[in-house]
Amino acid sequence: MEVRDLHPWPATPAEAEAIQDALRPMLDLDAPGPTSPRTVAGLDVSYAGDGGGTGTRLAAAVVVLDGTTLEVLEESVAVGTAAFPYVPGLFAFRELPALIEALRALRTVPDLLVCDGYGVAHPRRFGLACHLGVLTGLPAIGVAKTGFVGAYEPPGGRRGDASPLVDGGEVVGRVLRTRDGVKPVFVSVGHRTDLDAACRAVLALTPAYRLPETTRRADRLSRDALTA
């Protein structure tokens, strides 16, 4: 599938922040999301060792699932090294080169990208899901295991209960309970979808576990690639 080259790769945090600021106006945050995506791609990256520093070996995985049956339709993996240091808010630049390589190897163009990370729930409102959405032109959402920015009231204890994630007086995401009595996940919009559609997709992708099947399958595939 096609992934556009819209910027050079940064060498410094200042250059990375400038890229985020330049691409942010390209986001479409008003479009309704896909109501019944036929294909959904999960993206995840695993690191060797503690994952810190540059030069760390990593594996990026993309797994495309049938949007109804959740059966695996296609898989793609790219193994490389982290070329950018770990900086909060700039984590995408460690993962994007390998993720882009894995995406370009896909034959399937998915209807929705589900990233293990953040969309607009980000200090500069441009997390990994936003970045990938702009580069691919596809609807994209972020589903994170823990919060990064913003405050929230704990949602109710039942599956489907949710509460707004608010940062600087702005709703940047939703804290969503995917299993009864289990810790919630943090859902945020990346590109070409709305928050209601994002949360519907996440619930459809979590029939049995806390995390979406897209994330679980991509995580397993990336871990296996590191030990191959």
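Residues numbered from 1 in each chain as written. Predicted model: local features only at pLDDT ≥ 70, side-chain atom pairs only at ≥ 80, totals over all residues. Heavy atoms only, no water.

Asks: Outline the pattern of salt bridges, supporting the account with residue identities and numerical values.
Replies: For the coordinates displayed, the defined rule picks out 13 salt bridges. The closest approach of N and O atoms between aspartate 5 and arginine 104, which form a salt bridge, is 2.9 Å. With aspartate 5 in the segment before helix 1 (13-23) and arginine 104 in helix 2 (residues 92-104), this pair connects stretches of sequence that are 99 residues apart. A salt bridge links arginine 38 to aspartate 111; the nearest nitrogen and oxygen atoms lie 3.3 Å apart. Of this pair, arginine 38 sits in the loop between helix 1 and strand 1 (39-47) while aspartate 111 sits in the loop between helix 2 and strand 4 (112-115); the two residues are 73 residues apart in sequence, bridging distant segments of the chain. Taken together, the shared-partner salt bridges connect Arg125, Asp167 and Glu170 into one network. (Salt bridge = Lys/Arg side-chain N within 4 Å of Asp/Glu carboxyl O. Helix = DSSP H or I, 4+ residues; strand = E, 2+ residues; numbered from the N terminus.)

Asks: Residues and numbers for the UniProt feature "site: Interaction with target DNA" (unreviewed entry) in the protein, please.
Replies: Taken from the UniProt record, the annotation "site: Interaction with target DNA" (unreviewed entry) applies to Tyr86. Here tyrosine 86 shows up in the loop between strand 3 (72-81) and helix 2. Every residue in contact with tyrosine 86, bar those within four places of it in the chain, is listed here: Phe91 and Arg94. (UniProt positions renumbered as here; feature names shortened; annotations may be inferred. Contact = heavy atoms within 4.5 Å.)

Asks: Mind laying out the sheet that holds strand 8 (residues 185-191), listing which residues take part and the relevant values?
Replies: The sheet built from 8 strands is open, its strands ordered 3-2-1-4-5-8-7-6 with mixed pairing. Single-partner strands in this sheet number two, and they are strand 3 and strand 6 (162-167). Each strand axis lies, on average, 25 degrees off the axis of its neighbour in the sheet, ignoring direction. Inspection of the sheet shows strand 7 (residues 170-176) paired to strand 8 by 3 bridges, in the antiparallel sense. Following the sheet pairing, leucine 176 is matched in strand 8 by valine 185. Of the strands in this sheet, strand 1, strand 2 (57-66), strand 3 and strand 4 touch helix 5 (residues 213-227), which is tilted by about 140 degrees from strand 2. (Pairing = 2+ DSSP bridges. Axes fitted to C-alpha atoms, helices over the stretch in contact; angles between N-to-C directions.)

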